[in-house]
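Take a look at the letters that make up each chain.
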Amino acid sequence: MTSTSSTQAQTGSVKAGTPASEFSHRLAQVAETVETFLVDRLGPEVGPGEIARPPRLMEAMRHAVLGGGKRLRPFLAIETARMLGGSEAAALAAGAGVELVHCYSLVHDDLPAMDDDDMRRGKPTVHKAYDEATAILVGDALQTLAFEIVADPTWQPDPRIRADLVLGLARASGLGGMVGGQLLDLTAEGRFGAATMDVDDTLRMQAMKTGAILAFSVEAGAIVGGADEGQRAALLRYGLALGQAFQIADDILDREASPEAMGKATGKDKDAGKATLVDRLGLDGARAECDRLVGVCEDAVALWGEKARTLRDAARFTVARKT
């Protein structure tokens, strides 16, 4: 499980608003809750409608999911729902579903046909710890388990809310979101012939590849919390800006952080010719864009005043983090 002290080491400093220690404590608290929820979902016991749970598959799924990560996506879902007075249990399930989609994407991204990475979160990637076929099946299983959890009435009895969550997660993770963004990312590498991407092309790719799922994490909390149309629009602006800031910060870390700090190889994006705003704007320009996006996030949630303090601090954390 993620401890408070380890999460504090990850966060760097939150520049304003909630004291860094308070924000770190809340982030760690939610991460531990999410970890417990995921441990329960990834146990050996056969669930409703299942015939069997192959031990090797379950072991590899646990390797992919448990014991690592900041759990930022479920944190955003839970904190958004909490701000709106929604059910934290329902938001936890929705956020856990998003986290499982995120973990599946990492397993597949690490495969030799994609980014060909050996380490993830400080341990061997799934295809290295097991094999490529198992890693592919792990990703498939995590994706379908994500939708099973989100659609389960145990956590959210209202069928309209469940339908909204399933629809939103499918759109954010599918061809017009994360998966489509991954294809554009490979295209930028020249995998399918010569390709050039300007700033707008890079922004579009990153909004799909990374931003869509992060934005949906916020939207999931809004759905659970019963946000009206105007509130959902404001939270969508927050989520989209946060997703863009997260990806730019990730690109900066890929250039500046050590592999030991990141728990994975760094510098590979530049070597692979991936399209990043660091290349387009330079490091100083990328940092300035991160700061601008944090301002967009703060403005988007201003109507909630002090209730939005944690979301504002989450935006600052996104650009201040060291891993």
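We now turn to the structure provided with this report. Keep in mind it's a predicted model, so treat the numbers as computed, not measured. (Residues numbered from 1 in each chain as written. Predicted model: local features only at pLDDT ≥ 70, side-chain atom pairs only at ≥ 80, totals over all residues. Heavy atoms only, no water.)

**Here's the deal with the overall build of the chain**
And step 1. Each helix and strand in the chain was counted, giving 15 helices and two strands.
And step 2. Per-residue burial for the chain yields a buried fraction of 53% across its 323 residues.
And step 3. Of all intrachain contacts in the chain linking residues separated by at least 6 positions in sequence, the fraction that spans at least 24 positions is 73%.
And step 4. Surface exposure of the chain reaches about 13600 Å², of which carbon and sulfur atoms provide 55%. (Helix = DSSP H or I, 4+ residues; strand = E, 2+ residues; numbered from the N terminus. Buried < 20%, exposed > 50% of the residue type's maximum accessible area, 1.4 Å probe, protein only. Contact = heavy atoms within 4.5 Å. Areas by Shrake-Rupley, 256 points an atom, 1.4 Å probe, with all protein chains shown as cover.)

**Examining empty space enclosed by the protein**
And step 1. As enumerated under the stated definition, the model contains two cavities of 30 Å³ or more in all.
And step 2. Space inside the largest cavity adds up to approximately 100 Å³.
And step 3. His63, Ala64, Cys103, Leu106, Val107, Asp110, Arg120, Arg121, Lys123, Pro124, Thr125 and Val126 are the residues that line the largest cavity.
And step 4. Contributions of two or more residues to the lining of the largest cavity are made by helix 3 (55-65), helix 5 (88-109) and strand 2 (123-124).
And step 5. The class makeup of the residues in the lining of the largest cavity is six nonpolar, two polar and four charged.
And step 6. Volume-wise, the second largest cavity comes out at about 30 Å³.
And step 7. Listing elements by their share of the lining of the second largest cavity, those giving two or more residues are helix 5 and helix 7 (132-151).
And step 8. The element contributing the most residues to the lining of the second largest cavity is helix 5, with three residues. (1 Å grid on protein atoms, 1.4 Å probe; cavity = no way out; pocket = protein on both sides within 12 Å on 5 of 7 lines; lining within 4 Å. Points joined across faces, edges and corners; volume = space filled by probe spheres on them. Nonpolar A, V, L, I, M, F, W, Y, C, P; charged D, E, K, R; others polar.)

**Here we look at the nonpolar core**
And step 1. Val65, Leu76, Leu142, Leu165, Leu235 and Tyr238 are the most contacted members of the largest nonpolar core, which has 85 residues in total.
And step 2. The biggest single contributor to this core is helix 5, with 12 residues.
And step 3. In contact with Leu235, other than residues within four places in its own chain, are Thr80, Met83, Leu84, Val218, Ala222, Val301, Trp304 and Leu311. (Core = buried A, V, L, I, M, F, W, Y, C linked by side-chain atoms within 4.5 Å.)

**Some thoughts on unusual backbone geometry**
And step 1. Even without being a glycine, Asp116 presents a positive backbone phi close to 55°.
And step 2. Assessed through its relative accessible area of 40%, Asp116 is described here as partly exposed.
And step 3. Unlike most non-glycine residues, Arg121 shows phi in positive territory, near 55°.
And step 4. Positionally, Arg121 belongs in the loop between strand 1 (119-120) and strand 2.

**Let's talk about the pattern of salt bridges**
And step 1. Evaluated as defined, the whole model comprises 24 salt bridges.
And step 2. Across the salt bridge formed by Glu99 and Arg71, the nearest N and O atoms sit 2.9 Å from each other. Here Glu99, found in helix 5, pairs with Arg71, found in the loop between helix 3 and helix 4 (72-84); they are 28 residues apart in sequence, far enough to count as distant. As far as burial versus exposure is concerned, Glu99 and Arg71 are alike and both buried.
And step 3. Of the charged contacts in the structure, one is a salt bridge between Asp185 and Lys209, with a shortest N-O distance of 2.9 Å. One end of the pair, Asp185, is in helix 9 (residues 178-188); the other, Lys209, is in helix 10 (residues 199-224), with 24 residues separating them in the sequence. (Salt bridge = Lys/Arg side-chain N within 4 Å of Asp/Glu carboxyl O.)

**Observations regarding the side chain of Arg316**
And step 1. You can see Arg316 is positioned in helix 15 (residues 309-320).
And step 2. Judged by relative accessible area, Arg316 falls into the buried class, the value being 13%.
And step 3. Of note is the side chain of Arg316, whose polar atom sits 2.6 Å from the side chain of Glu298. (Polar contact = N/O pair within 3.5 Å; in protein donor to acceptor, adjacent residues only side chain to side chain.)

**Quick notes on the packing of aromatic side chains**
And step 1. Scanning the model with the defined rule gives three aromatic pairs in all.
And step 2. On the basis of an interplanar angle of 75° and a centroid distance of 5.7 Å, the ring pair of Phe23 and Phe75 is categorised as edge-to-face. Of the two residues, Phe23 is situated in helix 2 (residues 20-41) and Phe75 in helix 4; the sequence distance between them amounts to 52 residues. The same class applies to Phe23 and to Phe75, which are both buried. (Phe/Tyr/Trp six-rings, centres within 6.5 Å; stacked < 30°, edge-to-face > 60°.)

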